[in-house]
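Below, each chain spelled out in residue letters.
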Amino acid sequence: MRAVIYRGAGGTDVIQLAEAPTPEPAEHQVRVRVHAAGLNRSDIHQRRGNYPAPPGWPTNIPGLEYAGEVEKSGPMVTRWRVGDRVMGLVGGGAQAESVVVHEDESMAIPEGMSFRDAAAIPEAFLTAFDALTTRGRLQSGERVLIHAVGSGVGTAAVQLARRQGASSILGTSRTADKLERAKAYGLDVGIDTRSESFRDKVGHPIDVVLDVLGGSAFADNLAVLAPRGRLVLLGFLGGTTANIDLSPVLRKRLEIIGSVMRIRSVRERIELIRDFSRAALPGFVDGTLRPVVGGVMPMTEIARAHEEMERNETFGKVILEWVN
């Protein structure tokens, strides 16, 4: 099979499209013929040598999400048949023509949805759903602040927060155009952090903050949270360290919750897939949720896709397709 290969750690010059062994499914596994795969910042961090694949996943083939068709079943598989259209989240290896997964880690692609749209769902929506619903325990009538709202996770979180009945959805970005575009998905208040501090613009206290910035925003996140508010930390785009006053954590009884998807066990991913499929997946049928595809490129142009994401030029998801 063809696969994206990292020949080492470094810039986009280490990316190579090459032949790799086609994986064989074991018990309760299926092999999926990948038609489209999402690009994520995790792929960039792995390419730079800062985010190795967890045990059990390919060390040099990136890719955390896929959409395709079941092409082969291992022993004991009962859920899927050859030809079924599926999508899912993996620990690595999705940017290849084939990927092997546990049968219960896959979700059915909604009827009539393209592979490119389906590939925009797993990482963004599962991460946002887990952060808002499971970790953040967002309730109807609460206020939520979403950092980097123009990202894949950000645009998914806006929609999920609206579907869950949030009373007000605020988002930050360093690009005014991304804030404007996010309003079409349910954003109420956009804050351009190039010209203003989100701490000064949120108004009333926030119940749940979804943060990918880390150190640079940590103190202000604590300041804007309401009593018993929840800060769900998903990344460190603004650094991993912060010199802050911790007294708000005690005074307001705040919760600081860390969450990362890639290192989770098969059982954890299966549980998340089950919960998401029951609570959120129907939203793609009734129209309350929409994949946000910011760009589609052939897999042969993956280096260019990396470069655009590193320049923060993307809105929503960047999707890579295998073109015969």
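Summarised in this report is the structure supplied together with it. (Residues numbered from 1 in each chain as written. Predicted model: local features only at pLDDT ≥ 70, side-chain atom pairs only at ≥ 80, totals over all residues. Heavy atoms only, no water.)

1. What to know about the overall build of the protein
Line of reasoning, step 1. A tally of regular secondary structure across the protein gives 11 helices and 15 strands.
Line of reasoning, step 2. Radius of gyration (C-alpha) of the protein: 19 Å, near the 20 Å computed for a compact globule of 324 residues.
Line of reasoning, step 3. Along the first, second and third principal axes, the C-alpha set of the protein runs to 55 × 40 × 35 Å.
Line of reasoning, step 4. When the 324 residues of the protein are sorted by exposure, 54% land in the buried category.
Line of reasoning, step 5. For the protein, restricting intrachain contacts to residue pairs at least 6 apart in sequence, the fraction spanning at least 24 positions comes to 70%.
Line of reasoning, step 6. Here the protein contributes 39 positive and 39 negative side-chain charges, whose respective centroids are spaced 4 Å apart. (Helix = DSSP H or I, 4+ residues; strand = E, 2+ residues; numbered from the N terminus. Rg over C-alpha atoms; globule rule 2.2 N^0.38 Å. Buried < 20%, exposed > 50% of the residue type's maximum accessible area, 1.4 Å probe, protein only. Contact = heavy atoms within 4.5 Å. Lys, Arg positive; Asp, Glu negative; His and termini not counted. Charge placed at Lys NZ, Arg CZ, Asp CG, Glu CD.)

2. Some points on the pattern of salt bridges
Line of reasoning, step 1. Under the counting rule described, the total for this entry stands at 28 salt bridges.
Line of reasoning, step 2. Here Arg137 and Glu255 are joined by a salt bridge, their closest N and O atoms 2.6 Å apart. In this pair, Arg137 sits in the loop between helix H3 (122–135) and strand S8 (143–146) while Glu255 sits in strand S13 (residues 255–258), placing the two residues 118 residues apart along the sequence.
Line of reasoning, step 3. Taking relative accessible area as the criterion, Arg137 reaches 35% and is therefore assigned partly exposed.
Line of reasoning, step 4. A relative accessible area of 30% means that Glu255 is categorised as partly exposed.
Line of reasoning, step 5. Here Arg199 and Asp220 are joined by a salt bridge, their closest N and O atoms 2.9 Å apart. Placement of Arg199 in helix H6 (residues 198–201) and of Asp220 in helix H7 (residues 215–224) is noted, with a sequence separation of 21 residues between them.
Line of reasoning, step 6. The exposure class assigned to Arg199 is partly exposed, which follows from its relative accessible area of 43%.
Line of reasoning, step 7. Members of the salt-bridge network, linked through shared partners, are Glu24, Arg31, Glu71 and Lys72. (Salt bridge = Lys/Arg side-chain N within 4 Å of Asp/Glu carboxyl O.)

3. A closer look at the sheet that holds strand S10 (residues 189–192)
Line of reasoning, step 1. Taken together, six strands build an open sheet; the order of strands is S10-S9-S8-S11-S12-S13 and the sheet is parallel. In the strand order of this sheet, the two ends are held by S10 and S13, each with one partner. Here the strands of the sheet are splayed against their neighbours by 15° on average, with no regard to which way each runs.
Line of reasoning, step 2. Pairing geometry for strand S9 (residues 168–173) and S10, over four bridges, is parallel. Within S10, the residue paired with Gly171 across the bridge is Gly190.
Line of reasoning, step 3. Each of S8, strand S11 (206–211), strand S12 (225–233) and S13 is contacted by H3, which is oriented at about 150° to S11, the strand it contacts most.
Line of reasoning, step 4. Along the sheet face, helix H4 (residues 152–163) touches S8, S9 and S11 and points at about 170° away from the line of S8. (Pairing = 2+ DSSP bridges. Axes fitted to C-alpha atoms, helices over the stretch in contact; angles between N-to-C directions.)

4. Observations concerning unusual backbone geometry
Line of reasoning, step 1. In this model, His28 sits at a positive phi of 65°, which is unusual for a non-glycine residue.
Line of reasoning, step 2. Its location among the elements puts His28 in the loop between strand S2 (15–19) and strand S3 (29–39).
Line of reasoning, step 3. For His28, a relative accessible area of 29% gives the class partly exposed.
Line of reasoning, step 4. Notably, Asn312 is not glycine yet its phi reads approximately 60°, a positive angle.
Line of reasoning, step 5. By the element assignment, Asn312 lies in the loop between helix H11 (302–310) and strand S15 (317–321).
Line of reasoning, step 6. Judged by its relative accessible area of 43%, Asn312 is partly exposed.

5. Things to note about the packing of H3 against H4
Line of reasoning, step 1. Put simply, H3 and H4 touch, their axes get as near as 8 Å, and they point 55° apart. Here H3 lies oblique to H4, going by the angle between them. Every pair of crossing elements has a handedness; the one defined by H3 and H4 is right-handed. The residues of H4 that touch H3, namely those facing Glu123, Ala124, Phe125, Thr127, Ala128, Phe129 and Leu132, are Gly152, Val153, Ala156, Ala157, Gln159, Leu160 and Ala161.
Line of reasoning, step 2. Its residues assigned to classes, the contact of H3 with H4 comprises 10 nonpolar, three polar and one charged. (Parallel < 35°, antiparallel > 145°, perpendicular 65-115°, else oblique. Left-handed = near helix turned anticlockwise from the far one by under 90°. Nonpolar A, V, L, I, M, F, W, Y, C, P; charged D, E, K, R; others polar.)

6. What about the nonpolar core?
Inside soluble globular proteins, nonpolar side chains tend to come together where they are buried.
Line of reasoning, step 1. The biggest cluster of nonpolar side chains holds 51 residues, and the ones touching the most others in it are Phe125, Leu132, Val144 and Phe276.
Line of reasoning, step 2. Every element with two or more residues in this core is listed here: strand S5 (85–89), helix H2 (115–118), H3, S8, H4, helix H5 (176–182), S11 and helix H9 (266–279).
Line of reasoning, step 3. Per-element accounting of this core gives the leading share, seven residues, to H3.
Line of reasoning, step 4. If we skip the residues at most four places from it in the chain, Phe276 touches Met107, Ile121, Phe125, Leu126, Phe129, Leu281 and Phe284.
Line of reasoning, step 5. Counting residues in each nonpolar core, the second largest holds 28 residues, with Ile44, Val86, Met299 and Met309 among its members. (Core = buried A, V, L, I, M, F, W, Y, C linked by side-chain atoms within 4.5 Å.)

7. Some points on H9
Residues spaced three or four apart along an α-helix face the same direction, because each turn holds 3.6 residues.
Line of reasoning, step 1. For H9, with 14 residues, the first-to-last C-alpha span of 20 Å sits near the 20 Å given by 1.5 Å per residue.
Line of reasoning, step 2. Those residues of H9 not exposed but buried are Arg269, Leu272, Ile273 and Phe276. Projected onto a plane normal to the axis of H9, the buried residues spread over an arc of 105° and lie on a single side. Facing away from the buried surface of H9 by more than 90 degrees, the exposed residues are Arg267 and Arg278.
Line of reasoning, step 3. Turning to H9, the residues buried within the fold contact S5, strand S7 (106–108), H3 and helix H10 (283–286). (Expected span 1.5 Å × (residues − 1). Arc of directions from axis to C-beta.)

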